[in-house]
Amino acid sequence: MSAFIEQLPKVELHLHIEGSLEPELVFALARRNGITLNYADESALRAAYDFHDLQSFLDIYYAGMSVLQTEQDFFDMTYAYLQRAHGEHVRHTEIFFDPQAHTDRGVPFSVVITGIHRALEQARHEWGMSSRLIMSFLRHLPEESAIETLRQAEPFHPFLTGVGLDSAEKGNPPEKFRRVYALAREQGYRLVAHAGEEGPPQYIRDALALLQVERIDHGVAAIEDPALMDELAEARIPLTVCPLSNLKLKVVNSMADHPMARLLQAGLCVTVNSDDPAYFGGYMNANYLALQRGLGMSDAELLQLALNGVEACWLSPEEKALLMRDIRAHGEQYGIYPVR
Ligand code: HPA
Ligand code: ZN
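Residues numbered from 1 in each chain as written. Chains lettered and ligands numbered in written order. Predicted model: local features only at pLDDT ≥ 70, side-chain atom pairs only at ≥ 80, totals over all residues. Heavy atoms only, no water.

## Here's the deal with the overall build of the protein chain
Counting its regular elements, the protein chain contains 17 helices and eight strands. With respect to the principal axes defined by its C-alpha atoms, the protein chain has extents near 55 × 40 × 40 Å. Going through the 340 residues of the protein chain one by one, you find that 59% of them count as buried. The contacts in the protein chain between residues at least 6 apart in sequence include a share of 77% that link residues at least 24 apart. One finds the centroid of the 29 positive side-chain charges in the protein chain at a distance of 3 Å from the centroid of its 47 negative side-chain charges. (Helix = DSSP H or I, 4+ residues; strand = E, 2+ residues; numbered from the N terminus. Buried < 20%, exposed > 50% of the residue type's maximum accessible area, 1.4 Å probe, protein only. Contact = heavy atoms within 4.5 Å. Lys, Arg positive; Asp, Glu negative; His and termini not counted. Charge placed at Lys NZ, Arg CZ, Asp CG, Glu CD.)

## Quick word on the coordination of the zinc ion (ligand 2)
Under ideal tetrahedral coordination, the four donors around a metal are separated by 109.5 degrees; under ideal octahedral coordination, the six donors are separated by 90 or 180 degrees. Within the first shell, the zinc ion (ligand 2) binds the protein through H14 (NE2), H16 (NE2), H194 (NE2) and D275 (OD), at distances of 2.0 to 2.2 Å. Every donor counted, the four donor atoms about the zinc ion (ligand 2) form angles of 81 to 173° at the centre, which fits irregular coordination. Taken in chain order, the donor set of the zinc ion (ligand 2) reads H-x1-H-x177-H-x80-D. Of the two residues, H14 is situated in strand β1 (residues 10-16) and H194 in strand β5 (residues 190-195); the sequence distance between them amounts to 180 residues. (Donors = N, O, S within 2.8 Å, 3.2 Å for Na, K, Ca; no water. Tetrahedral: all angles 85-135°; square planar, octahedral: opposite > 155°, others 65-115°.)

## A closer look at the environment of A233
Relative to the elements of secondary structure, A233 occurs in helix α11 (residues 226-235). Owing to a relative accessible area of 16%, A233 belongs among the buried residues under this scheme. Ignoring any residue separated from it by four or fewer positions in sequence, one finds A233 in contact with A266, G267 and L268.

## A short note on the site of ligand 1
For ligand 1, the full set of nearby residues is H16, L54, F57, L58, Y61, D166, S167, H194, E197, H218, D275 and D276. At 2.8 Å, a side-chain N or O of E197 approaches a nitrogen atom of ligand 1. Between ligand 1 and D276 there is a distance of 2.7 Å, counted from a nitrogen atom to a side-chain nitrogen or oxygen. Protein contacts shield 100% of the accessible area of ligand 1, which totals 260 Å² for the unbound molecule. Examining the composition of the shell around ligand 1, we find that four residues originate from one element, helix α4 (residues 54-64), more than from any other. (Near = heavy atom within 4 Å. Polar contact = N/O pair within 3.5 Å; in protein donor to acceptor, adjacent residues only side chain to side chain. Areas by Shrake-Rupley, 256 points an atom, 1.4 Å probe, with all protein chains shown as cover.)

## Overview of helix α8 (residues 143-153)
Buried residues of α8: E143, A146, T149, L150 and A153, and no others. All buried residues of α8 fall inside an arc of 115° around its axis, so they share one side. If you follow the buried residues of α8, they end up packed against α6 (99-103), α7 (109-127), β3 (130-138), β4 (162-166) and α9 (178-186). (Arc of directions from axis to C-beta.)

## Notes on the pairing of β3
With respect to burial, β3 is a largely interior element, eight of its nine residues being buried. As paired strands, strand β2 (residues 90-97) and β3 are joined by six bridges and run parallel to one another. Residue pairing for β3: F97 is matched across the bridge by M135. Pairing analysis gives five bridges linking β3 to β4, with the strands arranged parallel. Its bridge partner being in β4, L138 is matched across the sheet by D166. Taken together, β3, α8 and β4 constitute a β-α-β crossover, and its handedness is right-handed. (Pairing = 2+ DSSP bridges. Right-handed = clockwise from strand over helix to strand, strands pointing away.)

## Quick look at the packing of helix α16 (residues 299-312) against helix α17 (residues 317-333)
It is at 9 Å that the axes of α16 and α17 come closest, and there the two elements cross at 175°. Taken together, the axes of α16 and α17 lie roughly antiparallel to each other. Counted together, L303, A306, L307, V310 and E311 of α16 and K320, L323, M324, I327, R328 and G331 of α17 form the full contact between these two elements. (Axes fitted to C-alpha atoms, helices over the stretch in contact; angles between N-to-C directions. Parallel < 35°, antiparallel > 145°, perpendicular 65-115°, else oblique.)

## Re the sheet that holds strand β8 (residues 270-272)
Backbone-to-backbone hydrogen bonds pair the strands of a sheet. The strands run either parallel or antiparallel. With respect to topology, eight strands assemble into an open sheet ordered β1-β2-β3-β4-β5-β6-β7-β8, the strand pairing being parallel. Only two strands of the sheet have a single partner each, and these edge strands are β1 and β8. The average angle at which neighbouring strand axes cross in this sheet is 25°, direction not considered. In the packing of α8 onto the sheet, the strands contacted are β3 and β4, and the crossing angle to β3 comes to about 145°.

## Some details on the nonpolar core
Residues F97, Y181 and L305 are the most contacted members of the largest nonpolar core, which totals 114 residues. Excluding its chain neighbours within four sequence positions, the residues that come into contact with F97 are I17, E18, F109, V112, I113, I116, L133, I134, M135, S136 and L160. (Core = buried A, V, L, I, M, F, W, Y, C linked by side-chain atoms within 4.5 Å.)

No statement about biological role is implied by the geometric values presented.
Okay, here's the thing in structure tokens:
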């Protein structure tokens, strides 16, 4: 691992907190809660992380998070991620959680969000690490369930900045969630959605036009649609790209085929993120490293990706300026200047 990547100040904008649950913590929480898992031990669980598409991952992802029961469980999971991210010089993070995956198991919304929020506050106090929380709707469930979840979130609105859309993309287009996005917008939430991971470029267009999102999660399918790429570049619509996730879920066949470099060179505001790091083989540094080693991206390009992360995030303009200054100063130590 190069010191340039390791010490680079980073922003993470696409992280499912339930996807940060390492097998060791899954088993520790299972023991604490008296739950028996279908896997003998940590290595048996890890051995099952051999995915052929998004759905094959989601099946294990939902099974893994079933050990989460108490507020302390949600705290411990979130704190473990934040500690890891802090160790990798992540200075700011915008985190997804999937409330319906817990409320559908009988865990109250309040338990989930208070545990996560308490860990975010602790990271802010301990390390000055800033964060935002994004409530993500499961797109394989009916829109009514998302609307009910939005209602359950009302007392916790101050803990939440945005809403998102995740889970099985194919066959669950953005238009299915028009009403809940309109309601969320009225309530003052910022809007993002997963689109163009396994789905077509049209889902990216629809997320922008029908849901009015300001940022696209993944969005790598844009590479198939030059006119869309021009629009995304022109409007500086950020894409929160997740290289190792795309490799593990076979969205790309090899890192050498990944569109990140082409999207950056076409002027899009692409950013680096880890998605579900416990499942996809690495956190932020590993994702930057994969772009360097597997795709041959230069340090100047990596520096630009880090700056794009700041541009795309929800910090104030003053906070963004400070963080960008630190990223540029880091580059200058190595004689590296951003490409844009
Ligand atoms: N895509 C869709 N849904 C998800 C993902 C993802 O990468 N991670 C967790 N839920
Ligand atoms: Zn995701």
